[in-house]
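Given next are the chains, with one letter for each unit.
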Amino acid sequence: MKEVAIIGIGMTDWGELWEKSLRDISVEAALKCLDDAGVSKVDAITIGCMSGGLFNAQEHLGSLVADYLGQRFVPATRVESACASGGLAVKTAYMEVASGLAEYALAIGVEKMTDVDGNEATYALATAADQDYEAFHGITFPGLYAMMAKAHMKKYGTTLEQLSQVTVKNHDNGSLNPHAQFPCKFTLEQVMNSTMVADPLRLLHCSPITDGGAAVLLAPVEIAKKLNKPYAVITGIGHATDTIALAQRKDILKLEVVEQAAQRALKMAGKTIKDVSFAEVHDCFTIAEIMVMEAIGLVEPGKAGPAVMDGLTALTGKFPINPSGGLKSKGHPVGATGVAQVVEAVAQLRGEAGKRQVKNARIAMTQNMGGSGGSSIIHILEARS
Ligand code: COA
């Protein structure tokens, strides 16, 4: 297998992009990425999108985007793994380059969620839950994560304050990100007193409904070396699946899918979690960030809440998590999230993250999750120059 580098990154602003269509958003992110790399023609395109059909009545995205990007006849494929569709797009592009099938492989992540109203968006998202055992009974993602949060609080004594500190931290970081949907800061009190969504999760413990796109360009490392600028190399990939339904898991407090994906990615990279400088993780609800910290082996089960309060994962902490602002502040256009995590990781590794730059960022982990832990894709990236 060839060693694979990321030679270009790009993303749109995230938020309610009413004046832009799904194709506009995809093309804008891709063009920014190609401009960044100084490349005009690619050999393969992979698009991560959870549900162009339900959100925009538009399927067949591979051909649509290739055409509007000026890349007609290029092989283009849409991949789907719920909210982990973006991570899957990056993995697929990696396989194109590593196998030698493509020299320049573009991964785009996109979702335009605000073309439908809140109820329809909730319905579309819930199609990624188990229909027979979850969705048909009325439970949606805020409810599923609320059950995990309640159980975590009961077993480990995790507090509302700890869940809320994740929000405070991620909005502190997101306030430094010009692409973020909600680049505002919140106090603990504001988070803890925000509107109840699904007990114990309140509005400010939830990621929002977002439109946005992101793109990365992958190529063999020999090409990256000729660019005379810093770049990142993908040294580890871990991809795992688990039961979609929470009821079928032995322990709903253990995100085994993340544990497996992290172990595989770190093993492939020849690293341990202690070698990693920072991570972008899937904080679709703040309890998810807490459970992911435990699943990647950063802290013992039950210790993530106190660690967040102690500042371990703050921008200036020993292991910064979500310097971009995470899904909570930056937004969560579901199919785009996994690609945007890699965009942030590369910006950090290139030392180009501005005011939210992580000090001594050399090795990054990105953790993208489908549904309530039915799938997860983790990448390890390393800085090179
Ligand atoms: N964080 C911060 N502010 C938010 C927000 C969020 N997550 N969601 C909405 N807002 C703001 C809106 O901008 C709006 O502000 P305004 O009144 O000043 O304009 C206000 O809060 C109300 O927004 P609204 O869109 O009416 O909220 P809603 O009740 O329809 O939806 C949620 C709120 C949390 C239910 C919705 O964002 C949601 O379902 N999030 C989870 C998405 C999800 O499940 N993703 C997949 C994860 S696996």
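Worth saying up front: this structure is predicted, and the values here are computed from it rather than measured.

## A short note on the overall build of the protein
Part 1: Helices and strands together make up the secondary structure of the protein, namely 14 helices and 11 strands.
Part 2: A compact globule built from 385 residues would reach a C-alpha radius of gyration of about 21 Å, and the protein, at 19 Å, matches this within 12%.
Part 3: Across its three principal axes, the protein shows a C-alpha extent of roughly 55 × 45 × 35 Å.
Part 4: Burial status across the protein gives 62% buried among its 385 residues.
Part 5: Within the protein, residue pairs in contact and separated by at least 24 positions form 78% of the contacts whose partners lie at least 6 positions apart.
Part 6: Only carbon and sulfur atoms are counted for the fraction: they give 52% of the accessible area of the protein, which is about 14600 Å².
Part 7: Separation of charge centres in the protein, based on 35 positive and 41 negative side chains, amounts to 6 Å.

## Notes on the environment of Pro301
Part 1: Take Pro301: it is sitting in the loop between α11 (286–295) and α12 (304–309).
Part 2: Sequence separation between Pro301 and Glu19 is 282 residues, and the spatial gap between their C-alpha atoms is 45 Å.
Part 3: Discounting chain neighbours no more than four positions away, the residues touching Pro301 are Tyr156 and Glu294.

## Notes on the site of the ligand
Part 1: What surrounds the ligand is a group of 14 residues, the closest being Leu204, Cys206, Ser207, Pro208 and Lys328.
Part 2: Interatomic distance of 3.4 Å between a backbone N/O atom of Pro208 and a nitrogen atom of the ligand.
Part 3: Here the ligand, which alone exposes 920 Å², has 60% of that area covered by the protein.
Part 4: Across the shell around the ligand, the residue classes tally to 11 nonpolar, two polar and one charged.

## Describing the packing of helix α6 (residues 141–156) against α11
Part 1: At their nearest, the axes of α6 and α11 sit 9 Å apart, and the two run at 60° to each other. Accordingly, the angle class assigned to the pair α6 and α11 is oblique. Between α6 and α11 lies a crossing of left-handed hand. Contacts from Tyr145, Met148, Ala149 and His152 of α6 reach α11 at Ile287, Ala288, Ile290, Met291 and Glu294.
Part 2: Its residues assigned to classes, the contact of α6 with α11 shows seven nonpolar, one polar and one charged.

## Observations regarding the domain arrangement of the protein
Part 1: What the domain assignment lists for the protein is domain 1 (4–117 + 210–225) and domain 2 (129–208 + 234–384).
Part 2: One C-alpha centre belongs to domain 1, the other to domain 2, and the line joining them spans 23 Å.
Part 3: Across the boundary between the two partners, domain 1 contributes 41 residues, which contact 35 residues of domain 2.
Part 4: With both chains or domains summed, domain 1 and domain 2 bury close to 2800 Å², and 69% of this area falls on carbon and sulfur atoms.
Part 5: On the domain 1 side of the interface with domain 2, the three residues burying the most area are Ile9, Trp14 and Cys83, jointly 25% of the side's total.
Part 6: Taken together, domain 1 and domain 2 are joined by one salt bridge.
Part 7: Among the salt bridges present, the one from Arg350 reaches Asp36, with a minimum N-O distance of 3.1 Å.

## Quick notes on the environment of Gln131
Part 1: Locating Gln131 in the fold gives a position in the loop between α5 (118–126) and α6.
Part 2: Overall, the relative accessible area of 24% leaves Gln131 in the partly exposed class.
Part 3: A distance of 2.9 Å separates the side chain of Gln131 from the backbone oxygen of Ala126, its partner in a polar contact.

The rules behind the values
Residues numbered from 1 in each chain as written. Predicted model: local features only at pLDDT ≥ 70, side-chain atom pairs only at ≥ 80, totals over all residues. Heavy atoms only, no water. Helix = DSSP H or I, 4+ residues; strand = E, 2+ residues; numbered from the N terminus. Rg over C-alpha atoms; globule rule 2.2 N^0.38 Å. Buried < 20%, exposed > 50% of the residue type's maximum accessible area, 1.4 Å probe, protein only. Contact = heavy atoms within 4.5 Å. Areas by Shrake-Rupley, 256 points an atom, 1.4 Å probe, with all protein chains shown as cover. Lys, Arg positive; Asp, Glu negative; His and termini not counted. Charge placed at Lys NZ, Arg CZ, Asp CG, Glu CD. Near = heavy atom within 4 Å. Polar contact = N/O pair within 3.5 Å; in protein donor to acceptor, adjacent residues only side chain to side chain. Nonpolar A, V, L, I, M, F, W, Y, C, P; charged D, E, K, R; others polar. Axes fitted to C-alpha atoms, helices over the stretch in contact; angles between N-to-C directions. Parallel < 35°, antiparallel > 145°, perpendicular 65-115°, else oblique. Left-handed = near helix turned anticlockwise from the far one by under 90°. Domains from an automatic or database assignment. Buried area = accessible area lost by both parts, 1.4 Å probe. Salt bridge = Lys/Arg side-chain N within 4 Å of Asp/Glu carboxyl O.

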